[in-house]
Every structure is written in C-alpha cells, then in structure tokens.
Amino acid sequence: MASPSLLLAFTLLALWPLGHASLMLTLVNNCPYTVWPAIQPNAGHPVIENGGFALSSLTHRSFPAPTQYWTGRIWARTCCNYADDHFSCATGDCGNRLECNGLGGVPPATLVQFTLHHGDTDLSSYGVSLVDGFNIPMTVTPHEGKGVCPVVGCKANLLDTCPDELKVRSPSGQGAVVACKSACEAFNTDEFCCRNNYNSPETCRGSSFSEFFKRACPATFTYAYDTPSLMHECSSPRELKVIFCN
C-alpha cells in the first residue's frame, strides 16, 4: 500500500495545472508522388529530424518543434532517386544526401520559413517564399493559435504556366518541367537579385517575373523586399502543418 506522503504527492500532481502542449510540426504529402522534405535551421539552431527524409504520397509525419526560439526553413525535394549508391534530386537537392543535416538546398524550390517561440506571447511566424523560385505547391496551416493565424502559401501549380525563360527541365533541356526559376537564378543580375546598389527597400523592386509569382500566389514572398498580402501574429499554436500539393 502506498504511503500517505506518496498518495499526497499523486493528488497534488493530479491537481497541478497543465502547461501548454508542445508545438508540433506536421508535414503532409498530398502529392500523387513521393517527396523528400528537407529542414534547414538558421545558423546556431539545432537540426530537426536529421534534416530530411522521404514522405510517400498521401502520408504525413509529425514531430516536436524545438521548445526554444528557433528559425529555419522547410522545402520539398522532388524527382529523387538512388543510382549506383548515389542519391540525388532534380529539385531542392542538398549535397546528394537523404538527410540534409543542416545543408541548404539547390534552387529553385518553394520554401516555408519559420521563426518559432519569439516575443512576449510565444509567437510563431511563418511564410512561404518563392524568392528562390518554385518547385511544388505548399501551404502552412496553424492550429489552435491565438491572434491572427491565417493559412498562407501557394496552391497554384506554377509549372504549368512558368515562363519559358524560367523553366527547369529534367532531364536537362528536354524532359518535363520540374521547377520554375526566380529571375535572379535565371539572369543573375544585381537588379533581379537585389544586391549591391539594389540592396534596399527603395531600390529593390518587383519585376514582370516576380509579378508572375505574385499574381498566382499573393500570400508569398516573391523578391527580397517583398511584402505578402497576409501578415500574422500567431501566439502559441499547438501545431503548424506544412502541406505539399495543397
């Protein structure tokens, strides 16, 4: 029989108010094909889930987010394969690795950017960026957050309408369109890349190419100093769900 002191401890534990549930990140693959999500922390922040894995069609994977302030990005690699013990992806490749372990991806790729656990009210900020181009539709849906918590992202399949100058094909030059470059990636000019004399809000402007992305997906970043149509201040969400092909 438990001692009176142990019974008291259990009673107090049962009455103790529960804290907020841990923030979960869930990646959902609604695409009719496998994707290989990649996760890259910003410098000084921990790697999550070894930085990457395979995610079969119509499946999902959930895992705890860091419990402290964290910033980083998630994208999907597509058209990946193993050949002769070599792993490679047509889009978003991170050094020919299945697990990126902190490495970034090769553009073009649709990115979701996160800043978690910041501010006095435990804010989670998130946004979908086409600054590095597009390879797959992607949205972010928060659950049970307080404040302004919109669904953001790009649901359009821009591979069907990508301008010829921006198309990426696999196999190179002759295969199907697998990604759509940014103007910076395609032309590498200071003006399109918002660098040197163009590296300021006053001189970095949208172009006809960034407008192509913006018209299709207004709630995304399309060039370095762009402002999406939807802003947010989402406090203490229980889950942030990244959905590919949504």
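This structure is a prediction, so every number in the text was calculated from the model and none was measured. (Residues numbered from 1 in each chain as written. Predicted model: local features only at pLDDT ≥ 70, side-chain atom pairs only at ≥ 80, totals over all residues. Heavy atoms only, no water.)

## A short note on the nonpolar core
In step 1: Ranked by internal contacts, the top residues of the largest apolar core, which has 27 residues, are Leu27, Val112, Phe114, Val140, Val242 and Phe244.
In step 2: Listing elements by their share of this core, those giving two or more residues are β1 (24–29), β4 (70–83), β6 (111–118), β7 (123–129), β8 (138–143) and β15 (239–244).
In step 3: Setting aside anything within four residues of it in sequence, one finds phenylalanine 114 in contact with Trp70, Thr71, Gly72, Ile74, Ser125, Tyr126, Val140, Leu240 and Val242.
In step 4: Among the nonpolar cores identified, the runner-up in size contains 13 residues, and Phe134, Leu159, Leu166 and Ala183 belong to it. (Core = buried A, V, L, I, M, F, W, Y, C linked by side-chain atoms within 4.5 Å. Buried < 20%, exposed > 50% of the residue type's maximum accessible area, 1.4 Å probe, protein only. Helix = DSSP H or I, 4+ residues; strand = E, 2+ residues; numbered from the N terminus. Contact = heavy atoms within 4.5 Å.)

## Concerning the pairing of β4
Side-chain direction in a regular strand flips from residue to residue, so the side chains alternate between the two faces of the sheet.
In step 1: Where strand β2 (residues 36–41) lies against β4, 6 bridges are found, and the strand directions are antiparallel. Across the sheet, the residue bridging to proline 37 is alanine 76, located in β4.
In step 2: Where β4 and strand β5 (residues 86–91) come together, 5 bridges link them in antiparallel fashion. In the strand pairing of β5, threonine 78 is matched with threonine 91. (Pairing = 2+ DSSP bridges.)

## Looking at the state of the cysteines
In step 1: Per the counting criterion, the structure on display carries 8 disulfides.
In step 2: Through a disulfide, cysteine 94 is tied to cysteine 100; the S-S separation comes to 2.1 Å. Its torsion about the S-S bond being -85°, the disulfide of cysteine 94 and cysteine 100 is classed as left-handed. When sorted by exposure, cysteine 94 lands in the same class as cysteine 100, which is buried.
In step 3: Disulfide pairing is shown between cysteine 184 and cysteine 193; the S-S distance is 2.0 Å. What sets the handedness of the cysteine 184 and cysteine 193 disulfide is the S-S torsion sign, and at about 100° it is right-handed.
In step 4: According to the relative accessible area criterion, cysteine 184 is partly exposed, its value standing at 26%.
In step 5: By relative accessible area, which is 16% here, cysteine 193 ends up buried. (Disulfide = S-S within 2.5 Å.)

By themselves these figures say nothing about function.
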